[in-house]
Amino acid sequence: MFVAAGAACENQAMSQPILVASWNGGPATARAAERHLAGVPLLDAIVEGITLIEDDPDEMSVGYGGLPNEEGEVELDAAVMDGPLHKGGAVAGLRRVRHAARLALEVLRRTDHALLVGEGAARFARQLGFHEENLLTPKARDAWLAWKADLSPRDAWLSPNEQTTGFGGALWAGHHANPTPGGPPPASHAPRPGESGGAPRAPFTFGTVHASGLDVRGDLFSCTSTSGLSYKIPGRVGDSPILGSGLYTDNTVGSAGCTGRGEASMQSCAAFQTVALMEAGRTPTEAATETLRRIAARTREARLLRTGGAPAFNVTVYAVRKDGQTGAASMHEGYQYVVQRGREQRVERCAFVYSA
Ligand code: GLY
């Protein structure tokens, strides 16, 4: 193994955990650091932190309240990776169980398998006593209905401005949960960091939460959880539960994870690529940026390209190296990520391949 000058030796103990996460992972890394400093193994602590995000009904790209598939059913994907064991656990297409990351950890800990999907994953969850529920919140249902209404002017679903209430006003004023008939026009949906774009009315996301971390013993772990691409074809699985794509951890080198367009991450094995580049001596930021350059160079379909040749989508790559260096890069300018060192948390700007 080659690690850049200044990198720590394998298994060098750290006095505090170091984590890197997607922009929405702040509560997760804060909880993970706190629990790890209280003696909880870091992978369990990270999953506990990610559970907070999965429980948040306002986070529409992860867990409970995530945006559903095209049939209105929420399907979750998640994975964890344990560096010292060099073992991953994952679930995909999981319905009616909100804690996908915790279930992925159970796959890792209780089975000889790396990935359980669909009904098999749900049955595994039932066997372990996971709570089952409808994951579609009213807010996510409204978003899905707005998306259906916007699908085609030639179908039987009236678009929002064609719909009327008994009061003669618009039935649905944008993507917000509380329609305001006769009220002000809806604010347009501004994509947040981590999202890849905004449909005119319905929120739309490839959003995901990822965290990679180095524990006080110098061991590496990672977790990624998502509800996946909004309004996807049922059964579509993105990068998040795929080891090497949505996350990858090599305990001798570093750990990386991705958010954004999963198809792009999968087709370039983005997390694995980033760790391989760190092994070849790149810093986390250099490795993440080079991974994105390679994705851009291999994006050939015109529908995925802007005029001028830049990819029309975003991917963000997060990385932490064995020596505790952290970094992240996004395809386009303007994205942020979270760095947690012990109890101190900072939000930093991602490096980028294409300026705004
Ligand atoms: N990155 C999440 C997804 O594409 O499903």
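Residues numbered from 1 in each chain as written. Predicted model: local features only at pLDDT ≥ 70, side-chain atom pairs only at ≥ 80, totals over all residues. Heavy atoms only, no water.

Draft legend 1. Structural view of the overall build of the protein chain. Tallying secondary structure elements over the protein chain gives 8 helices and 13 strands in all. Buried positions account for 56% of the 356 residues belonging to the protein chain. Long-range contacts, defined as pairs at least 24 residues apart, comprise 63% of the intrachain contacts of the protein chain with a sequence gap of at least 6. Total accessible area on the protein chain stands at roughly 14700 Å², and carbon and sulfur atoms take up 51% of it. (Helix = DSSP H or I, 4+ residues; strand = E, 2+ residues; numbered from the N terminus. Buried < 20%, exposed > 50% of the residue type's maximum accessible area, 1.4 Å probe, protein only. Contact = heavy atoms within 4.5 Å. Areas by Shrake-Rupley, 256 points an atom, 1.4 Å probe, with all protein chains shown as cover.)

Draft legend 2. Layout of the site of the ligand. Lining the immediate surroundings of the ligand are F206, T208, G228, L229, R236, G238, D239, S240, G260 and G262. At 2.7 Å from a nitrogen atom of the ligand is found a main-chain nitrogen or oxygen belonging to G260. For the ligand, whose unbound accessible area comes to 200 Å², protein coverage reaches 100%. Of the pockets mapped on this structure, the ligand occupies the largest cavity. By residue class, the composition of the shell around the ligand is 2 nonpolar, 6 polar and 2 charged. (Near = heavy atom within 4 Å. Polar contact = N/O pair within 3.5 Å; in protein donor to acceptor, adjacent residues only side chain to side chain. 1 Å grid on protein atoms, 1.4 Å probe; cavity = no way out; pocket = protein on both sides within 12 Å on 5 of 7 lines; lining within 4 Å. Sits in = over half its atoms within 2 Å of the grid points. Nonpolar A, V, L, I, M, F, W, Y, C, P; charged D, E, K, R; others polar.)

Draft legend 3. Representation of the environment of I50 within the structure. Checked against the element boundaries, I50 lands in helix α2 (residues 42-55). In contact with I50, not counting residues within four places along its chain, are A28, A101, V209, A211, C223 and S225.

Draft legend 4. Fine view of the sheet that holds strand β4 (residues 115-117). Strand order in this open sheet of 8 strands is β4-β3-β2-β6-β5-β1-β11-β12, and the pairing throughout is mixed. What marks the edges here is a single partner per strand, and that holds for β4 and β12 (344-349). Across the sheet, the mean angle from the axis of one strand to that of its neighbour is 10°, orientation sign disregarded. Packing against the sheet, helix α1 (residues 26-37) makes contact with β1 (18-22), β5 (209-214), β11 (336-341) and β12, and its axis sits at approximately 10° to β11. Each of β1, β2 (76-82), β5 and β6 (220-226) is contacted by α2, which is oriented at about 20° to β6, the strand it contacts most. (Pairing = 2+ DSSP bridges. Axes fitted to C-alpha atoms, helices over the stretch in contact; angles between N-to-C directions.)

Draft legend 5. Structural context of the pattern of salt bridges. All chains considered together, the criterion is met by 20 salt bridges. Between R31 and E48 there is a salt bridge whose closest N-O contact spans 3.5 Å. Of this pair, R31 sits in helix α1 while E48 sits in helix α2, placing them 17 residues apart in sequence. Since its relative accessible area comes to 32%, R31 is described here as partly exposed. Several salt bridges share partner residues, and in doing so they unite R31, R35 and E48 into one network. (Salt bridge = Lys/Arg side-chain N within 4 Å of Asp/Glu carboxyl O.)

Draft legend 6. Inspection of the pairing of strand β9 (residues 315-321) at higher detail. Counting buried residues in β9 gives 7 out of 7 residues, a clear majority hidden from the surface. Side chains of β9 alternate between two faces, with V315, V317, A319 and R321 and T316, Y318 and V320 buried alike. Here 7 bridges tie strand β8 (residues 254-260) to β9, and the two strands are oriented antiparallel to one another. Residue pairing for β9: S255 is matched across the bridge by V320. As consecutive antiparallel partners, β9 and strand β10 (residues 326-332) are separated by 4 residues, and within that stretch G324 has a phi angle of approximately 95°, a positive value.

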